[in-house]
Every structure is written in C-alpha cells, then in structure tokens.
Amino acid sequence: MPLKPERVIAFTIELIFVLLGAIVVWLGLTSHIFFNRRGLAWIVLSAVIVLWGLRSLYKPGQWWLRRQIMTRGISLVLLGIVMLCMAWAPFAWVGKLLAVAGLILAARGFLGAALALSPR
C-alpha cells in the first residue's frame, strides 16, 4: 500500500529532526560550543520554546493527530527546559546538556517517524 504524500513529508521532516539531534549530540560531546548561553537572546529563545510546547499541548487539534501533537509539545518543553538550564549551569556541564538536547531532538524524530508511518 503506497503512502500518501503528507505522510511521506511528515516522515521526512522527522528524519531531519533525527539528523539535527545527531549533529547537536556530536557538538555537545566534542565541546564545540560557540554561542552565548547567558545572553538575553538565548534565554528568551528558551522561554519561547517552552511556551510554544505548552501551547501545542493545550491547543485543540485533530483527534487523529493527537499522539504527534503530544510528542512535539513534550519535546519542545523538555528542549526549552534544558536550554534554560544551560544558561545557569557551570561551563563543564554545558556540553553534556547540549548532548541531552540533541538526544531529545533525535528521540522526537524517531518517535515522530514511527507515528507518521503507523496506521491511523
């Protein structure tokens, strides 16, 4: 049975999240940290990501997409919390926290890909 184009696009987007997560894990483990984690832009971005995730969790949507919406919302909230923790963590922990953020992105991608391919 061939997949519908919207499911192929959803799968491709989730695959991109897996690859993005792998790159972020690699950056965190090799300590390639070239951003100002204590700057106002980083903190505002972290807070916006948390709020965006919470909004997606409480926004009504199609009932058949509820699992995908929950996966995306929870991953955004967790990612935003990890990013906020990076702002106040000692520098020695930042690489590990960046790797955790990458793992969250990769896990979201794997779970989202599985949900995109699963029958409704």
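Structure: above.
One numbering rule holds for all chains: residues counted from 1, following each sequence as written. With pLDDT at 70 or above as the cut-off, local features in this predicted model cover only qualifying residues; side-chain atom pairs require 80 or more to be listed or tallied, and sums for whole chains, interfaces and linings still use all residues. Hydrogens and water molecules were not included; the side-chain quantities draw on all heavy atoms of the structure.

### A closer look at the overall build of the protein
Consideration 1: Helix and strand definitions follow DSSP, with helices as H or I runs of at least four residues and strands as E runs of at least two, each counted in order from the N terminus. For the protein, the count of helices and strands is four helices and zero strands.
Consideration 2: Ordered by position from N to C terminus, the α and β elements of the protein give α-α-α-α.
Consideration 3: Here the term buried applies to any residue with accessible area under 20% of the maximum for its type, exposed to any over 50%, and partly exposed to those in between, with areas from a 1.4 Å probe on protein chains only. Relative to its 120 residues, the protein shows a buried fraction of 39%.
Consideration 4: A 1.4 Å probe and the Shrake-Rupley method give the accessible areas. Residues count as covered only by the protein chains that appear here. Accessible surface, the protein as shown: approximately 7,800 Å² in total, 78% of it carbon and sulfur.

### Quick word on the nonpolar core
One recurring pattern in soluble globular proteins is that nonpolar side chains are buried together.
Consideration 1: Each nonpolar core is a collection of buried residues, namely Ala, Val, Leu, Ile, Met, Phe, Trp, Tyr and Cys, held together in the definition by side-chain atoms within 4.5 Å. With 16 residues, the main nonpolar core has L79, V82, M83 and M86 as its most contacted residues.
Consideration 2: Listed by contribution, the elements that provide at least two residues to this core are α2 (40-58), α3 (66-88) and α4 (91-117).
Consideration 3: Counting residues per element, this core draws most heavily on α4, at six residues.
Consideration 4: For this analysis, residues touch if any pair of their heavy atoms sits within 4.5 Å. In this structure, V82 is in contact with L97, V100, A101 and I104, ignoring residues within four places of it in sequence.

### Considerations on the packing of helix α1 (residues 5-29) against α4
The description of two helices packed together rests on the angle between their axes and the distance between the axes.
Consideration 1: Lines fitted to C-alpha atoms define the axes, with helix axes restricted to the stretch in contact, and inter-axis angles between N-to-C directions lie between 0 and 180 degrees. One can describe the packing of α1 onto α4 by two numbers: an axis separation of 7 Å at closest approach and a directional angle of 165°. As summarised for this structure, α1 and α4 are arranged roughly antiparallel, according to the angle between their axes. Relative to α4, the crossing made by α1 is left-handed.
Consideration 2: In this classification, Asp, Glu, Lys and Arg are treated as charged, Ala, Val, Leu, Ile, Met, Phe, Trp, Tyr, Cys and Pro as nonpolar, and every other residue, Gly included, as polar. Classifying every residue of the contact of α1 with α4 by side-chain character gives 19 nonpolar, six polar and three charged. Note on angle classes: values under 35 degrees are labelled roughly parallel, values over 145 roughly antiparallel, values of 65 to 115 roughly perpendicular, and the remainder oblique. Crossing chirality is assigned from the near helix's rotation relative to the far helix, an anticlockwise turn below a right angle marking it left-handed and a clockwise turn marking it right-handed.

### Quick word on α3
Consideration 1: Expected helix span is given by 1.5 Å per residue-to-residue step, counting one fewer step than there are residues. Over its 23 residues, α3 runs 34 Å from end to end, which matches the ideal 33 Å to within 8%, given 1.5 Å per residue.
Consideration 2: Taken together, the buried positions of α3 are occupied by Q68, I69, T71, G73, S75, V77, L79, G80, V82, M83, M86 and A87.
Consideration 3: As for α3, its buried residues are in contact with α2 and α4.

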